[in-house]
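# Descriptive analysis of the structure
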Amino acid sequence: MATYPFNYHTLDDLRTAIEAQHLQIPVSEDLSVLSESIPLGTSGVTLDNRLIVHPMEGFDTTEDGAPTELTMRRYDRFAESGASMGWSEAIAVCLEGRSNAHQMMITKDNLDAYKRMVDSFHEKSGGKPIIAQMTHSGRFSAPEGTLHPLVLYKNPLFDKTKFHDIDEIPVVTDEYLDTLPEKYHNAAELAVEAGFDGIDVKACHKYLLGETLAAYEREGRYGGSFENRTRLFRGIIKDTAESFGNKAFLASRFNLYDAMEYPYGFGCSRDDYMVPDFEEISRLVTEMENLGISCINITMGTPYLTPHINRPHTNGGVIPEDPLIGCDRMIKYTAELQKRFPKIAIVGAGYSFFREFAPYVAAGAIKSGMTTLVGFGRMAFAYPDFATAMMNGTFDKSKSCITCSKCTELMRTHHSTGCPIRDQEIYLPLYRKYCQGK
Ligand SMILES: Cc1cc2nc3c(=O)[nH]c(=O)nc-3n(C[C@H](O)[C@H](O)[C@H](O)COP(=O)(O)O)c2cc1C
Ligand code: SF4
């Protein structure tokens, strides 16, 4: 099995590796662009700088889905990171769509706890915006800890794998899907009341809304044609825009493509599923833009089957390709979408892989117009003031994320998730207990 240690001691080492593989990863030593303010698409909001925090699940809520002290600590750290915007982790819109018993879920009963969390984020960040990510976990639903998938269609790439090793996988009815817009509406209403500045209608990673987009073989109103497959997603965006657009801007965490063979992947070329079909993708993004989405946070693949595609890493599980290739794929396809949609604030992902060189790659991508914003996920777990350090040119590599995947391992155990390497006091004992059985 090939391994890909992070053998870049200098920026020139990284440049040499990029050139040797003819990759399109941009690098700029001029970091000034990172501190430039920018309008967030057509939202009317202006961001202070080009770095934001990605949505990162912490699985540390109470059983009723309310933020705990540990949750508050994470969001306070994000607020003080120097990033210009926060983005909440996945918040379940209904109990049956919750991915585990400690995933966020916003309800009338726990609204005050969300208000406290958002108020604190605003106060500690000096008034920066934060987006609420609305989700239904679909095939990864496990509201009480054990898997209870709700799928739109059978998918042999998942069914009977370690993720879905159960006999009966229920395919949801159209009538069930008809009930979802109201659930998204109610959750968005509460998120707005809690003070979130933006609402993310999430469609990625093969959770429910992401899965709808590839329902090629499903019968009925939610399957087959482009119009049917995108009906639920478009309907929820439309309702969110019409109901709350005057109070919160609209965003989406969006799979540019699923990188899965036909008929299981959205946005994939039928000749080669590893290549995006920009005709289909652009058709949907045009509709998203027309419906009022001003910010799209790009991701691709699914962390369950293809983590190397959406979070290139140095360690953890089988790594089927040089992570630089994964970074290149993410950066170049994101750039293609940004080129086609210059008015949308596109957010790039996967940059934590670059460690101390991440500021230079982020600056290169922004400067060359490949993306408007760069988000950081794992880096935000590891390095509390990462954005300030990147902008000031004072990045300390001893605080950097090393993409070891230990946070993902913790997440897979459904326990409180964070960085056991750089935030040891809290997360190392949890990692030892739940991942190493010590
Ligand atoms: C532990 C963990 C939890 C995550 N939780 C979410 C989530 O709730 N919603 C989401 O859209 N992406 C989630 N992601 C994906 C990240 O937002 C991000 O796209 C990914 O980590 C790549 O960015 P990075 O290289 O800066 O880490 C998660 C990733 C990790 C490692
Ligand atoms: S555990 Fe920490 S160092 Fe490892 S990938 Fe996660 S955030 Fe990065």
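Residues numbered from 1 in each chain as written. Chains lettered and ligands numbered in written order. Predicted model: local features only at pLDDT ≥ 70, side-chain atom pairs only at ≥ 80, totals over all residues. Heavy atoms only, no water.

## Let's talk about the side chain of Asp200
Along the chain, Asp200 falls in strand 7 (residues 198-201). Buried and without a salt bridge, Asp200 has Arg253 as its closest oppositely charged side chain, separated by 6.3 Å. Looking at Asp200, its side chain comes within polar contact range of the side chain of Gln133, at 2.9 Å. Not counting residues up to four positions away in its chain, the partners in contact with Asp200 are Trp87, Ile131, Ala132, Gln133, Met134, Ala251, Ser252 and Arg253. (Helix = DSSP H or I, 4+ residues; strand = E, 2+ residues; numbered from the N terminus. Buried < 20%, exposed > 50% of the residue type's maximum accessible area, 1.4 Å probe, protein only. Lys, Arg positive; Asp, Glu negative; His and termini not counted. Salt bridge = Lys/Arg side-chain N within 4 Å of Asp/Glu carboxyl O. Polar contact = N/O pair within 3.5 Å; in protein donor to acceptor, adjacent residues only side chain to side chain. Contact = heavy atoms within 4.5 Å.)

## Structural notes on the sheet that holds strand 6 (residues 130-135)
Sheet architecture is open: nine strands sit in the order 3-11-10-9-8-7-6-4-5, paired in parallel fashion. Every other strand in the sheet has two partners, leaving strand 3 (51-53) and strand 5 (104-105) as the edge strands with one partner each. Both strand 10 (residues 345-348) and strand 11 (residues 373-376) contribute to a ladder of two bridges, which runs parallel. Residue pairing in the sheet places Val347 in a bridge with Leu373 of strand 11. On top of the sheet, helix 2 (residues 69-79) reaches strand 3, strand 4 (86-92), strand 5 and strand 6; it is set at about 150° to strand 4, its chief contact. (Pairing = 2+ DSSP bridges. Axes fitted to C-alpha atoms, helices over the stretch in contact; angles between N-to-C directions.)

## Focus on the site of ligand 2
In the neighbourhood of ligand 2, the contacting residues comprise Arg378, Phe381, Cys401, Ile402, Thr403, Cys404, Ser405, Lys406, Cys407, Cys419, Pro420 and Ile421. Sorting the residues of the shell around ligand 2 by element identifies helix 13 (378-382) and helix 15 (406-412) as the ones contributing at least two each. Across the shell around ligand 2, the residue classes tally to eight nonpolar, two polar and two charged. (Near = heavy atom within 4 Å. Nonpolar A, V, L, I, M, F, W, Y, C, P; charged D, E, K, R; others polar.)

## Digging into a negative patch on the surface
On the surface, a cluster of negative charge is made up of Glu63, Asp64, Asp109 and Glu144. Within the fold, Asp64 resides in the loop between strand 3 and helix 2. (Patch = residues over 30% accessible without salt bridge, like charges linked within 9 Å, V, L, I, M, F, W, Y side chains within 5 Å. Areas by Shrake-Rupley, 256 points an atom, 1.4 Å probe, with all protein chains shown as cover. Charge placed at Lys NZ, Arg CZ, Asp CG, Glu CD.)

## Some thoughts on the site of ligand 1
Taken together, 22 residues are adjacent to ligand 1, and Pro55, Gln133, Ser352, Gly377 and Arg378 come closest. Gly377 is positioned with one of its backbone polar atoms (N or O) 2.8 Å from an oxygen atom of ligand 1. Measuring from an oxygen atom of ligand 1, one finds a side-chain N or O atom of Arg378 at 2.7 Å. Protein coverage of the free-state accessible area of ligand 1, which is 620 Å², stands at 99%. For the shell around ligand 1, the per-class residue count stands at seven nonpolar, nine polar and six charged.

## Some words on the packing of aromatic side chains
Per the stated rule, a full pass over the model turns up 19 aromatic pairs. Residues Phe140 and Phe158 carry aromatic rings whose centres are separated by 5.5 Å and whose planes lie at 80° to one another, so their mutual orientation is edge-to-face. Residue Phe140 is located in the loop between strand 6 and helix 4 (174-178), and its partner Phe158 is located in the loop between strand 6 and helix 4; the two are separated by 18 residues in the primary sequence. Residue classification places Phe158 among the buried residues on the basis of a relative accessible area of 0%. Relative to Tyr304, the ring of Tyr207 has its centre 6.0 Å away and its plane inclined at 80°; by these criteria the two rings are edge-to-face. On the criterion of sequence distance, the pair formed by Tyr207 in the loop between strand 7 and helix 6 (208-212) and Tyr304 in the loop between strand 9 (293-299) and helix 10 (307-310) is long-range, its members being 97 residues apart. Accessibility classification places Tyr207 together with Tyr304 in one group, the buried group. One aromatic cluster in this structure is built from Phe6, Tyr8, Tyr351, Phe353, Phe354, Phe357, Phe376 and Phe386. The lysine or arginine in question, Arg355, covers the ring of Phe6, its NZ or CZ lying 4.2 Å from the ring centre. (Phe/Tyr/Trp six-rings, centres within 6.5 Å; stacked < 30°, edge-to-face > 60°. Lys NZ or Arg CZ within 6 Å of the ring centre and 35° of its normal.)

## Description of the packing of helix 3 (residues 111-125) against helix 5 (residues 180-194)
In contact at an axis separation of 8 Å, helix 3 and helix 5 are set at 50° when each is read in the N-to-C sense. Taken together, helix 3 and helix 5 sit at an angle that is classed as oblique. In terms of crossing hand, the pair formed by helix 3 and helix 5 is right-handed. Every residue of helix 5 that contacts helix 3 at Leu111, Tyr114, Lys115 and Val118 is listed here: Leu190, Glu193 and Ala194. Its residues placed into classes, the contact of helix 3 with helix 5 shows five nonpolar, no polar and two charged. (Parallel < 35°, antiparallel > 145°, perpendicular 65-115°, else oblique. Left-handed = near helix turned anticlockwise from the far one by under 90°.)

No statement about biological role is implied by the geometric values presented.
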